[in-house]
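# Examining the three-dimensional arrangement
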Amino acid sequence: MDSITDGKVLVVGAGGFIGGFIASEALRRGYDTYVAVRESTSRRWLKDDRLHFVVLDYDNPEQMASSLADVLPAGEKWDYIVYNLGATKCVNFADFNRINYLYLKEFVETLRSIDMIPTRRFFYMSSLSALGPGDEKGYTPMNSSMIPNPNTRYGVSKIKAETYLETCTDVPWTIFRPTGVYGPHEKDYLMMIKSIDSHWDFGVGYRRQLLTFIYVEDLVNAIFDAITKDTTLKKKYIISEDKAYTQKEFRRIVAEELGIRWVIPMKLPLWTAYVASVVAEKYGVARMKPSTLNRDKFKIMKQRNWDCDISDAVRDFGFAPKFSLRRGIKDTVKSYLEEKEASRLRKKDSKEGKRP
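Overview of the structure. All values derive from a computational prediction rather than experimental measurement. (Residues numbered from 1 in each chain as written. Predicted model: local features only at pLDDT ≥ 70, side-chain atom pairs only at ≥ 80, totals over all residues. Heavy atoms only, no water.)

## Focus on the environment of G328
Our working definition: Starting at the N terminus, helices and strands are each numbered in turn, a helix being any DSSP run of H or I of at least four residues and a strand any DSSP run of E of at least two. Residue burial is assigned from relative accessible area. The probe radius is 1.4 Å, only protein chains are included, and a residue is buried under 20% of its type maximum, exposed over 50%, and partly exposed in between.
Along the chain, G328 turns up in helix α11 (residues 325-353). On the basis of relative accessibility, which here comes to 0%, the residue G328 falls in the buried class. Considered as a pair, G328 and D218 are 110 residues apart in the sequence and their alpha carbons are 9.7 Å apart.

Take a look at the structure:
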């Protein structure tokens, strides 16, 4: 079974930033690729004609069972399921539990009820936030042997999902806990890039902070490298570039790729950031739209040490990130500038079209 690179794969949560890259990589590697999406999910990044769509209603187990059972010939199963569905921000914090934990639980139980547990691997995309804060005194890198102690509702929902999978003796699972994922189309880091493009860089807190990143292509390649190895069965891995950066280093790299000579760094005290997160969260609730800045996000921003030990992944499936932050930001900024120019031209055409 080692290093198998064929078969059928189902990507759950394929419509988002990471999901689109997973689907593309599955096709590139020659898998017969199925993508599970909601009826309302955008298919902007799922344009390839070779993709097979499976529409699921995660609040309706009967509909899921019927759709999953009908998409393959009787008796067949997926070799791999890559479960990437999840929420990183919610209007109601209770939705973290519903989407990140209960949806996974219901999905696995639905697979079991129709005898469609994957034959080779069930991959689950968790998060580094499932571990909670690391060593913020000695700055020891976070590692897989740490006892999880998540301090956010998002992190709690992820560790609950992980724990559930651990109880499923019939599920051949592998779990990733990636650090901050960035790349073209990602929105949260895009906000930071836009801010630096406007000559401002906002940071939180005055104590030293170590940041880690993983470029989306490195993450996706790692998924497919891991799920085909016997050595990764029923194991959890931290996924990150093998280097930590300061906010100053991140700012300098982004500014250089943007061609900007000066950026004003603004350090906000923690209490100011907390007040802003509360206000933004309540504004989001009033508009019934999740706010990127909220109390959960504040706890993540407050965390000082995101340094990672990836030695387990290196040992078990040869994990070797190809994208340094410099290289990844170069591609990300290029995509941002192209979209910025396209947007400018659309606005220009729109104005000219209104002329008499």
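## Here's the deal with the packing of aromatic side chains
Note the following rule: Stacked, tilted and edge-to-face are the three classes assigned to paired rings of Phe, Tyr and Trp, where Trp is represented by its six-membered ring and a pair needs centres within 6.5 Å; plane angles under 30 degrees give stacked, over 60 edge-to-face, the rest tilted. Ring-over charges, as used throughout, are those where CZ of Arg or NZ of Lys falls within 6 Å of the ring centre and within 35 degrees of the ring normal.
For the structure on display, the rule yields 25 aromatic pairs. Aromatic ring contacts, followed pair by pair, group Y182, Y189, F213, Y215, Y245, F250 and F323 into a single cluster. Between the NZ or CZ atom of R327 and the centre of the ring of F323, over which it lies, the distance is 4.0 Å.

## Some details on the sheet that holds strand β4 (residues 80-83)
The line we're drawing: Each pair of strands is called paired provided DSSP finds at least two bridges between the two strands. Helix axes use the C-alpha atoms of the stretch in contact, all axes being lines fitted to C-alpha atoms, and the angles between their N-to-C directions lie in the range 0 to 180 degrees.
With respect to topology, 7 strands assemble into an open sheet ordered β3-β2-β1-β4-β5-β6-β10, the strand pairing being parallel. Both edges of this open sheet fall to β3 (52-55) and β10 (236-239), since each of them pairs with a single strand only. Across the sheet, the mean angle separating the axes of adjacent strands is 20° when strand polarity is ignored. Sheet topology places strand β6 (residues 173-178) next to β10; 4 bridges connect them, and they run parallel. Bridging across to β10, R177 finds its partner in I238.

## Considering helix α2 (residues 61-71)
Counted only if it meets this: The contact rule is simple, with two residues in contact once any of their heavy atoms fall within 4.5 Å.
For α2, the set of buried residues is M64, A65, S67 and L68. Buried-residue contacts for α2 involve β1 (8-12), β3 and α3 (94-113).

## Focus: the pairing of β4
Worth spelling out the cut-off: Whether a crossover is right-handed comes down to one check: with the strands pointing away from the viewer, does the path from the first strand over the helix to the second run clockwise; if it does, it is right-handed.
Here β4 shows two buried faces, one formed by Y80 and V82 and the other by I81 and Y83. Judged from the 4 bridges that link them, β1 and β4 form a sheet pairing that is parallel. Counterpart to L10 in the pairing with β4 is I81. Here 4 bridges tie β4 to strand β5 (residues 121-125), and the two strands are oriented parallel to one another. The residue of β5 that forms the bridge with I81 is F122. Taken together, β4, α3 and β5 constitute a β-α-β crossover, and its handedness is right-handed.

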